[in-house]
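Okay, here's what each chain looks like letter by letter:
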Amino acid sequence: MDTLKLMCTRLVLVALLMVCSSNINHVDCQLTTNFYATTCPNVLTVVRKEVFRALRNEIRMAASLLRLHFHDCFVDGCDASILLDGSNGEKFAAPNLNSARGFDVVDTIKTAVENACSGVVSCADILAIAARDAVLLSGGPTWQVLLGRRDGLAANQTGANNLPSPFESIDQIVQKFTAVGLGVKEVVSLSGAHTIGLARCALFSNRLFNFSGTGSPDPTLDASMASNLQSLCPTSGDGNTTTALDVNSTNLFDNHYFNNLLNNKGLLSSDQGLFSSTTSSAASTTKSLVQSYSQNGSLFFGDFVSSMISMGNISPLTGSNGEVRKNCRVVN
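Just so you know, the residues in each chain are numbered from 1, in the order the chain's sequence is written. With pLDDT at 70 or above as the cut-off, local features in this predicted model cover only qualifying residues; side-chain atom pairs require 80 or more to be listed or tallied, and sums for whole chains, interfaces and linings still use all residues. The basis for every side-chain value is the complete set of heavy atoms in the structure, and neither hydrogens nor water enter the calculation.

- The name given to the protein chain in an unreviewed UniProt entry is Peroxidase, and the organism recorded there is Acorus calamus.
- UniProt positions are given in the numbering used here, feature names are shortened, and annotations may be inferred rather than shown by experiment. Its UniProt record gives the protein chain the following Subcellular location (unreviewed entry) comment, quoted word for word: "Secreted".

Structure below.
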């Protein structure tokens, strides 16, 4: 009987850990799927409606909202610090400047939520819900978003300047994921978010003409694609012209991105490196996951969902920490 009780106790503990977070360092049972059940019961409907309107106006906004959540969580946790204005704000860090977008859409969502229930729902939770809805409305999977985050009181531009970069090696990116409690599977599955959205020439032009000082394009970039991109992004350009991250499946959230990698059609160096890197210590794992996701969209969707939930659990502010901003751009 004692053995049975012990087994039951262990099962309950495992279940609690799985509900709270897949990363034991960031377990926080104050985040729940029904956090606003009584204080703002219609919040999910309100946010979904505004995200739908935003995507109907500009389909690219799906990728932009998803990226805001990612870039927020990787800097001091999911605290909506990326939304704060000010010259020292995260939105003006190099990885976000002229790149992160959707701030006006978040303002619109926040206004609608405030009209429904003033001073209740945090900007951090709005980002998490909007990211989920952006994926779903683009044809991707859905999930129950854990809620209860509060908003940070300060931005961290220095931290934002250290976000994972498309110019870094896979090992460097893995290290940055590891630093926030995520692993190689999260690196690959969350990279799959590049199945939607656009990228500026400045983020991949280093692959087009004189890759690593060779005088030639990146050998892991399909020759025909390289030629097209050279025309789109001439050396005389300003680097702000955009093109699809996922060739031939720009706006649909699916596993086509991984098929591109098998054919040397990953746009960013960090994309193609998941399949083609020969120097990364994680190369065998990332390549295997790319192959598996390219063959099995359901597997990708499942791993993407679990990775988004884990990412959303990075160091949330809860309880009396932080605040619920009335305006996402400034502290109260």
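Following the structure, the description resumes.
**Remarks on the UniProt feature "binding site: heme b" (unreviewed entry) in the protein chain**
Alright, step 1. The sites that UniProt annotates as "binding site: heme b" (unreviewed entry) are H194.
Alright, step 2. By the secondary structure assignment, H194 is in the loop between α8 (184-191) and β1 (198-200).
Alright, step 3. With relative accessibility at 24%, the residue H194 sits in the partly exposed group.
Alright, step 4. Two residues form a contact once any of their heavy atoms are found within 4.5 Å. If we ignore the near neighbours within four places in the chain, the residues touching H194 are L245, D246, Y257, L268 and D271. Think of it this way: any DSSP run of H or I at least four residues long counts as a helix, any run of E at least two long counts as a strand, and we number them from the N terminus. Partly exposed residues are those whose accessible area sits between 20% and 50% of the maximum for their type, while under 20% is buried and over 50% is exposed, using a 1.4 Å probe and protein chains only.

**Re the environment of L232**
Alright, step 1. Checked against the element boundaries, L232 lands in helix α9 (residues 223-232).
Alright, step 2. Assessed through its relative accessible area of 31%, L232 is described here as partly exposed.
Alright, step 3. C-alpha separation for the pair L232 and F258, spaced 26 residues apart in sequence, amounts to 23 Å.
Alright, step 4. Apart from the residues lying within four places of it in its own chain, the contact partners of L232 are C201, T241, T242 and T243.

**As for the packing of aromatic side chains**
Alright, step 1. In summary, the pairing rule links any two rings of Phe, Tyr or Trp, Trp by its six-membered ring, whose centres are within 6.5 Å, and it sorts them by plane angle into stacked for under 30 degrees, edge-to-face for over 60 and tilted for everything else. According to the stated counting rule, one finds 14 aromatic pairs in the structure shown.
Alright, step 2. Geometrically, the ring pair formed by W143 and F304 is edge-to-face, given 6.2 Å between the ring centres and 70 degrees between the ring planes. Linking W143 in the loop between α5 (123-136) and α6 (157-160) with F304 in helix α13 (residues 297-312), this pair joins segments that are 161 residues apart in sequence. For the residue pair W143 and F304, the accessibility class agrees, reading buried in each case.
Alright, step 3. Ring geometry for F253 and F301: centres 6.0 Å apart, planes at 50 degrees, overall tilted. Taken together, the residues span a long stretch of sequence, with F253 in the loop between β2 (242-244) and α10 (256-262) and F301 in helix α13 at a distance of 48 residues.
Alright, step 4. Judged by relative accessible area, F253 falls into the buried class, the value being 1%.

**A closer look at the state of the cysteines**
In a disulfide, the sulfur atoms of two cysteines are covalently bonded to one another.
Alright, step 1. The rule for a disulfide is simple: a pair of cysteine sulfur atoms within 2.5 Å. Under the counting rule described, the total for this entry stands at four disulfides.
Alright, step 2. Disulfide pairing is shown between C201 and C233; the S-S distance is 2.0 Å. Looking along the S-S bond of the C201-C233 disulfide, the torsion reads about -65 degrees, which is the left-handed sense. Of the two residues, C201 sits in the loop between β1 and α9 while C233 sits in the loop between α9 and β2, which places them 32 residues apart along the sequence.
Alright, step 3. C201 sits in the buried class, given a relative accessible area of 3%.
Alright, step 4. The buried category is assigned to C233, whose relative accessible area is 4%.

**As for empty space enclosed by the protein**
Alright, step 1. A pocket here means an open set of points on a 1 Å grid, computed over the protein atoms alone, that has protein on both sides within 12 Å along at least five of seven lines. A cavity is instead a set of points where a 1.4 Å probe fits but cannot get out; residues with an atom within 4 Å of a point line either one. Grid points are joined across faces, edges and corners, and a volume is the space filled by probe spheres set on the points. The final tally for this structure, using the stated rule, is two cavities of 30 Å³ or more.
Alright, step 2. Within this model, the largest cavity holds a volume of roughly 80 Å³.
Alright, step 3. Lining the largest cavity are H69, A128, A131, W143, Q144, V145, L146, R149, M308, I309 and G312.
Alright, step 4. Those elements that provide at least two residues to the lining of the largest cavity are α5 and α13.

**Let's talk about the UniProt feature "site: Transition state stabilizer" (unreviewed entry) in the protein chain**
Alright, step 1. The UniProt record marks R67 with the feature "site: Transition state stabilizer" (unreviewed entry), using the residue numbering of this structure.
Alright, step 2. Tracing the chain through its elements places R67 in helix α3 (residues 61-73).
Alright, step 3. Here R67 falls in the partly exposed class, since its relative accessible area comes to 30%.
Alright, step 4. With residues up to four places along the chain from it excluded, the contact list for R67 reads P95, S99 and A100.

**Some thoughts on the pattern of salt bridges**
When the charged atoms of two side chains with opposite charge come close together, those side chains can pair.
Alright, step 1. The salt bridge definition used is simple: a Lys or Arg side-chain nitrogen within 4 Å of an Asp or Glu carboxyl oxygen. A full pass over the atoms with the stated rule returns 13 salt bridges.
Alright, step 2. In this structure, the salt-bridge partner of E114 is K110, at a minimum N-O distance of 3.0 Å. Of this pair, E114 and K110 both sit in helix α4 (residues 103-116), four residues apart, roughly one helical turn. One exposure class covers both E114 and K110, and it is buried.
Alright, step 3. Taken together, the shared-partner salt bridges in this structure form one network comprising D85, K91, D104, D107 and R329.

**Thoughts on the layout of surface pockets**
Alright, step 1. A volume near 900 Å³ is recorded for the largest pocket.
Alright, step 2. Along the wall of the largest pocket there are 43 residues; nearest its centre are R67, H71, P166, H194 and L268.
Alright, step 3. Counting residues per element, the ones that place at least two in the lining of the largest pocket are α3, α7 (170-179), α8, β1, α11 (269-276) and α13.
Alright, step 4. Amino acids outside the nonpolar list (Ala, Val, Leu, Ile, Met, Phe, Trp, Tyr, Cys, Pro) and the charged list (Asp, Glu, Lys, Arg) are all regarded as polar, and Gly is one of them. For the lining of the largest pocket, a count of residues per class yields 25 nonpolar, 11 polar and seven charged.
Alright, step 5. In this model, the second largest pocket occupies a volume close to 210 Å³.
Alright, step 6. Lining the second largest pocket we find 15 residues, and of these E168, S169, I170, S269 and S277 sit closest to its centre.

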